[in-house]
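The lines below spell out each chain.
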Amino acid sequence: LVQAMIRALPRALRRSFVPAPTYAAAVVDRLGDRAGPDDERSGRSGSFAEAVAEVLTSFGGPVVRAHDIDVSAVPEHLRVRVRVVDDDGAVVAAGRDLAGLQQRLAERTRSALARISPVAEQADLRTWTVGTLPRTVEVSQGAGTVTGYPALVLSAGRVALRVLTSPQEQQRAMLRGVRGLLLADMPSPVRAVVRRLDSATKLALSHQPYPTVPALLDDTVAATVDALLVTAELPWDEAAYVGLRTDVAATLVDATEGSVRSVAEALAIAHEVSLRTSALDAESLLREDLEVQMQGLVFDGFVASVGVDRLPDLARYLAGMRRRLDVAVADPARDTRRMAEVHEVEDAYLDRLDRLPAARRHDEDVTRVRWMLEELRVSLFAQHLGTPSPVSAQRIHKA
């Protein structure tokens, strides 16, 4: 297995550990030296890949991280096969992809936990009617104890109380659930905001990818509430929720107006870029690249997805696309070279993203890399716009 993991390293790292069988034997010996009296690795935690990477690094060559090892390249017969069984010992599912099994059985696991949880699940909440929510619930199951994590969950526009299976899932769900409850429990600020808008702003809002302008505005309100919740403490009882609702309601109209104006600014630039892009040759690589970039920036749901705080950055990315259209004609060969540099990093990112568990793909560190890719485009195609911090292909690969 260790030999296969060494061979699954990128070539630049792999050539520092040749011959692989010799280094593999040394890794196994070093891990064996760290074993405890019960053949367990004393004082260690984390995955086997992390342990192997740590030992390889200790040999004094290049630094090896667990994510450098392409586990998918390890032959299947060397990977642990997991069987999930029920109380009667019947096999529910089996396979070598633990994260995949967890994802496949997530709802079944959650439902089973909910059935034995002391916190009763509720559906279609319109205001806080759930009393005081405990952060965790513990229930006995078989010979062990199972921990559940109650949270408000937003699904298909409705808020429900559910018992989830991890604290990370609880935190993500609670943010969206509280937002959904606040939106259901407060008057919409949209009418008041629209009365304040000038004609130019309203025209910019009409060039949007949502089914309707009201849908765009509703999404902007949701994004604004998300931004207000960033600095607030999430409520776990009715008193805290009522206080939060009062604070949000007091600032929501003004905050939403600011958000709508930022959205309008971005949409105005996006409309100009789209018109100019559509005028390019249909077979143009530049046109294809700009269209794909636009699809990733301005789409149905983009406001809440991007977030209010990043709307000025979004406008800068779109302005970078506009600048690229200005200069690409003068030196198309340079534009093509820089586009190839971006595509190489984007392909590496998408490959890594595909190999992450679905629940991991929206974590902050993963999202940060996605925006670093946009900053790289600004640095290559519109340097005069600047970036908040230095960015390069090498920095993105490291991230």
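One can find the structure itself at the top, above this paragraph.
Residues numbered from 1 in each chain as written. Predicted model: local features only at pLDDT ≥ 70, side-chain atom pairs only at ≥ 80, totals over all residues. Heavy atoms only, no water.

### Some details on the side chain of S379
Inspection of the secondary structure assignment puts S379 in helix 16 (residues 364–381). A polar atom in the side chain of S379 sits 2.7 Å from the backbone oxygen of L376. Ignoring anything within four residues of it in the chain, the contact list for S379 reads T387 and V391. (Helix = DSSP H or I, 4+ residues; strand = E, 2+ residues; numbered from the N terminus. Polar contact = N/O pair within 3.5 Å; in protein donor to acceptor, adjacent residues only side chain to side chain. Contact = heavy atoms within 4.5 Å.)

### Regarding the packing of aromatic side chains
Throughout the structure, instances matching the rule amount to six aromatic pairs. Ring centres of Y23 and F59 lie 5.8 Å apart, and the angle between their planes is 55°; this geometry places the pair in the tilted category. Of this pair, Y23 sits in helix 3 (residues 20–33) while F59 sits in the loop between helix 4 (48–58) and strand 1 (82–85), placing them 36 residues apart in sequence. Owing to a relative accessible area of 25%, Y23 belongs among the partly exposed residues under this scheme. Members of the aromatic cluster, connected to one another through ring pairs, are F17, Y23 and F59. (Phe/Tyr/Trp six-rings, centres within 6.5 Å; stacked < 30°, edge-to-face > 60°. Buried < 20%, exposed > 50% of the residue type's maximum accessible area, 1.4 Å probe, protein only.)

### Quick notes on the environment of M174
Tracing the backbone shows M174 in helix 7 (residues 167–185). The buried category is assigned to M174, whose relative accessible area is 0%. Sequence separation of M174 and V84 is 90 residues, and the distance between their C-alpha atoms is 29 Å. When sequence neighbours within four positions are dropped, the list of residues in contact with M174 reads W128, L133, A151, L152, L234, P235 and W236.

### Points about the pattern of salt bridges
Side-chain pairs of opposite charge can arise whenever the charged atoms involved come near each other. Summed over the entire model, instances satisfying the criterion amount to 29 salt bridges. Residue R96 is joined to E76 by a salt bridge in which the shortest nitrogen-to-oxygen separation is 3.6 Å. Pair noted here: R96 is in the loop between strand 2 (91–95) and helix 5 (98–104) and E76 is in the loop between helix 4 and strand 1, with a separation of 20 residues, a long-range link. Among the residues examined, R96 registers a relative accessible area of 29% and is labelled partly exposed. The partner of R370 in a salt bridge is E374, and the shortest N-O contact between them spans 3.0 Å. Of this pair, R370 and E374 both sit in helix 16, four residues apart, which is roughly one turn of that helix. Neither R370 nor E374 differs from the other in exposure class; each is buried. Each of R196, D198, D254, E257 and R261 takes part in one network of salt bridges that share partners. (Salt bridge = Lys/Arg side-chain N within 4 Å of Asp/Glu carboxyl O.)

### Examining the nonpolar core
Membership of the largest hydrophobic core comes to 37 residues, with the highest contact counts inside it found for L205, L216, V263, L297, V298, F302 and L318. For this core, the elements supplying multiple residues, two or more each, are helix 8 (190–196), helix 9 (199–206), helix 10 (213–230), helix 11 (238–278), helix 12 (285–297), helix 13 (302–306), helix 14 (311–328) and helix 16. Residues contacting V298, with those up to four places away along its chain left out, are P209, L267, A270 and L318. Core analysis: the second largest hydrophobic core is formed by 30 residues, A151, V178, V225 and L234 among them. (Core = buried A, V, L, I, M, F, W, Y, C linked by side-chain atoms within 4.5 Å.)

### Let's talk about the pairing of strand 1
In terms of strand pairing, strand 1 meets strand 2 through four bridges, oriented antiparallel. Along strand 2, the bridge assignment pairs V82 with G95. Linking strand 1 to strand 2, which pair antiparallel, is a turn of five residues; within it G89 sits at a positive phi near 85°. (Pairing = 2+ DSSP bridges.)

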